[in-house]
Amino acid sequence: LAAPRVEALLRSLPKDARRGLIPIAATVVSFMDFMGAPSTDISRLADWLNETRGVPSSLIRFDLDAVPAHLTAQLAVVETATGTAPGKEPEFGRELAHGGDLGLLRRRCAASARAELDRRARDAHPQPWGRFELDELGETAAIDVGLGFVQVYPTLARCAHGVEVRFEWTREEAGRRLRQGATHLARRVLERQARDLAAKINSDSHLLLGASPYLHGDALLDMLLQLVFFRACFNDADPPRTRAAFDAAVEKGREQLYPALDDIAASARNWFTEARAVRRLLEDPRARSYAELAEDSHAHLRRLFSVNRIIDISVDWLRQFPRYLKAEERRWQRLFARGSEPPAIGRELKEWCARAQKLEAQVSAEMRWLPQLDEFHAWVEEYRVSLYAQELRTLGPVSAARLSARAAEIDAWITR
C-alpha cells in the first residue's frame, strides 16, 4: 500500500503545491523509482518534492488526517517470551501499546523498555561491583528477544550498593554513563582517600560559601569528588574497560588526587566568584526596573550550576564557565550604562532556551540522551556571549541559523 499512501499524501498538499505534480499517479511512480523500493518516508518525500520538483518548503504541508485509515500502518508493541528454542516461533505475551504513531509508541513504552533492559543486565551481571570484576567489560552485547537479537552497549552505573553493569541503547549513551560509573567505582576503591578529600572540601569555607546559593551539602561534595577522581584517575578522558588498565589508572590516580582537588577547587571558587559579581549587579537598585531580565539572569545561573549539567558536560565545555559568567556580567554593566537593552535580544534568547528545554524534554520522554543535546545547550551559551560580549569571543562561528541547523538534527532524531 506504499503507492496509494504516497498518492494520498500528495493529494493532501495545498493546491499550489499540487499544480506541478499532475498527474499525481506518475509523480508517485517517479518517487518510488527514486527511492529504489516502495517507501512512504514523509521526510524523504518532502525533500524529493523540494529538490527535484521545485516545490517550496513552505508549501509542503501534508495533511495526515486526509490519509484514509486503511493506508496508515497500525503497530503493536508486545512482550515476547524469553528463552525461545531455536527454530521455534516465539510466544507473544501481553500487548503494551498500539497505534499508528511510532514516536508516540516509543514514548509510551520507554519505561517498559528501560525496565526490561535493566532486567537483562541484572540477569547477565547479578552482583554489584566493589572493584573491577571482569577481565574486560565488552563494548557490545547481544540480547535475544525471541524474534532476533538486539545489540546493546554495556556500561557501569551507580547503584545502592556500589556500581553495577547496565546496558544502554547506543555507544554514546554507554560512554556517558561509564564516565560517571567508573569514577564512582574509583572512589569506592580509594574509599579512605575519598573521605580525606571530603573532609578537606568541607573545611574550605570560601568554597562552601561561594557555592551556597546554588549547591550545598552532599550535592556539592559529590559533584566535586566526581570531578576530582575523574581527573586524577582518568585524566578527564574515557575510563578503561579492562581490569588491568582500570586498576593501573586508579593506582596512578592515587598520587594525583590532592593536586586535582586543588585545581578543581580553584576553578570552582572562580566560578562562584564570577557568579557573585553577576548577583551584585542583579541586587543593584537599578535592576528593579528590569525585573524580567533579572529573572532571566537568575535562571541562567541556575542552569549553569545544575549538578547534573556540571558532571555530565564535557570538560572542554566546563572550562568555558568563567567566560559565560563574565558575559552575563558585561550584559548588566552595559545595560546600566545605556539604560536599555534591545528587546529583540532578550526575546530571541528566551526562545532558544525554551527550544533547548523542549528538545531535552522530548528526548527525556524516551528515557534517552543525545550528545547533540548537550552540544546544543553549550552553543546557546556561546550565542549569549556573541550577543552580550563579543569581545570575549566564541569557540567557533555561531548564529541563529547555525542553532536552527543543530536543533533540526535533534528534531530529526525525535521524529525518526
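Further up the page is the structure itself.
Residues numbered from 1 in each chain as written. Predicted model: local features only at pLDDT ≥ 70, side-chain atom pairs only at ≥ 80, totals over all residues. Heavy atoms only, no water.

### Looking at the packing of aromatic side chains
All chains considered together, the criterion is met by 14 aromatic pairs. Relative to Phe272, the ring of Trp271 lies with its centre 6.5 Å away and its plane at 80 degrees, an arrangement referred to as edge-to-face. Residue classification places Trp271 among the buried residues on the basis of a relative accessible area of 5%. Put simply, the rings of Trp129, Phe132, Phe230, Phe234 and Phe246 pair up and form one aromatic cluster. The ring of Phe336 carries the charged tip of Arg286 above its face, separated from the ring centre by 4.2 Å. Directly above the aromatic system of Trp413 lies the positively charged group of Arg416, at a separation of 3.8 Å from the ring centroid. (Phe/Tyr/Trp six-rings, centres within 6.5 Å; stacked < 30°, edge-to-face > 60°. Buried < 20%, exposed > 50% of the residue type's maximum accessible area, 1.4 Å probe, protein only. Lys NZ or Arg CZ within 6 Å of the ring centre and 35° of its normal.)

### Structural notes on unusual backbone geometry
In this chain, Ile22 is followed by Pro23 through a cis amide linkage whose omega measures 0 degrees. Mapped onto the secondary structure, Pro23 falls in the loop between helix 2 (15-18) and helix 3 (24-35). Phi is positive for Asp236, which is not a glycine, with a value near 60 degrees. Secondary-structure assignment places Asp236 in the loop between helix 10 (217-234) and helix 11 (243-254). Owing to a relative accessible area of 21%, Asp236 belongs among the partly exposed residues under this scheme. Despite not being glycine, Arg393 has its phi angle at roughly 65 degrees, a positive value. Its location among the elements puts Arg393 in the loop between helix 18 (371-388) and helix 19 (400-414). For Arg393, a relative accessible area of 65% translates into the label exposed. (Helix = DSSP H or I, 4+ residues; strand = E, 2+ residues; numbered from the N terminus.)

### With respect to the pattern of salt bridges
All told, the structure shown has 42 salt bridges when counted by the stated rule. Notably, a salt bridge pairs Lys326 with Glu274, separated by 3.6 Å at the nearest N-O pair. Highlighted residues: Lys326 in helix 16 (residues 321-338) and Glu274 in helix 12 (residues 257-283), separated in sequence by 52 residues. By relative accessible area, which is 25% here, Lys326 ends up partly exposed. Glu274 gets classed as buried once you look at its relative accessible area, which sits at 14%. For the salt bridge of Arg302 with Glu295, the shortest nitrogen-to-oxygen distance reads 2.8 Å. For Glu295, a relative accessible area of 42% gives the class partly exposed. When salt bridges with common partners are traced through the structure, they connect Asp296, Glu328, Arg331, Glu341 and Arg384 into a single cluster. (Salt bridge = Lys/Arg side-chain N within 4 Å of Asp/Glu carboxyl O.)

### Some points on the sheet that holds strand 3 (residues 141-144)
Strands sit in the order 3-4-5 across an open sheet of three strands; the sheet is antiparallel. Whereas interior strands pair on both sides, the edge strands pair on one side only; in this sheet they are strand 3 and strand 5 (162-168). The average angle at which neighbouring strand axes cross in this sheet is 45 degrees, direction not considered. Pairing of strand 3 with strand 4 (residues 149-159) involves four bridges; the strand directions are antiparallel. If you follow Ala142 over to strand 4, its bridge partner there is Gln151. This element, helix 7 (residues 171-189), spans strand 4 and strand 5 of the sheet and lies at about 30 degrees to strand 4. (Pairing = 2+ DSSP bridges. Axes fitted to C-alpha atoms, helices over the stretch in contact; angles between N-to-C directions. Contact = heavy atoms within 4.5 Å.)

Scope: geometric values only; no functional claims are made or implied.
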